[in-house]
Amino acid sequence: MEQINRELTTAADARQKGNEGMARVCARRAAGLAAREFLSHLGMDARHLNALDALRILSQTEHIPAPLREAASTFTIRVTPDHHLPVQVDLLEEAENLIRKLSQFLEGKN
């Protein structure tokens, strides 16, 4: 969780400095770390996965609730050639929401 919080803090700092691209990268990494941890709790060997792969797998894992899958898929959207997201979404806010939802889901499973 410490690494996830560090990425979220770096994302917020980058946004405050006007570096939205770096904010998106850090938010995606935070969400990916949470996804990897979540997949590990489900019994998958996710240690070798990068953030994007963990988010892709999470978005395609059918036995978890659709809102979690949909939230994870938000982070797999590619930026346009001019480095903008093709949809209107705040990835930092989405990362915080996904991390909270994954934690709540795991708490409900214990």
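Keep in mind it's a predicted model, so treat the numbers as computed, not measured.

Mean pLDDT for the protein chain: 91, with 98% of residues reaching 70 or above. Least confident of the elements in the protein chain is helix H5 (residues 91-109), whose mean pLDDT is 90; most confident is helix H1 (residues 2-16), at 96.

Turning our attention to the pattern of salt bridges. In total, this model carries six salt bridges according to the counting rule given. In this structure, Glu7 and Arg29 form a salt bridge, with 3.1 Å as the shortest nitrogen-oxygen distance. On the criterion of sequence distance, the pair formed by Glu7 in helix H1 and Arg29 in helix H2 (residues 20-41) is long-range, its members being 22 residues apart. Residue classification places Arg29 among the partly exposed residues on the basis of a relative accessible area of 36%. One salt-bridge network, in which partners are shared between bridges, spans Arg15, Glu20 and Asp90.

Definitions and cut-offs
- All residue numbers here refer to positions counted from 1 along the written sequence of the relevant chain.
- With pLDDT at 70 or above as the cut-off, local features in this predicted model cover only qualifying residues; side-chain atom pairs require 80 or more to be listed or tallied, and sums for whole chains, interfaces and linings still use all residues.
- As a rule here, side-chain values come from all non-hydrogen atoms in the structure, and water together with hydrogens is ignored.
- On a range of 0 to 100, pLDDT expresses the predictor's confidence in each residue.
- Per the convention used, a helix needs a DSSP run of H or I reaching at least four residues, while a strand needs a run of E reaching at least two, with both numbered from the N terminus.
- Salt bridge, as applied in this entry: a Lys or Arg side-chain nitrogen positioned within 4 Å of an Asp or Glu carboxyl oxygen.
- The buried label applies to any residue whose accessible area, calculated with a 1.4 Å probe on protein chains only, is under 20% of its type's maximum; exposed applies above 50%, and partly exposed to all values in between.

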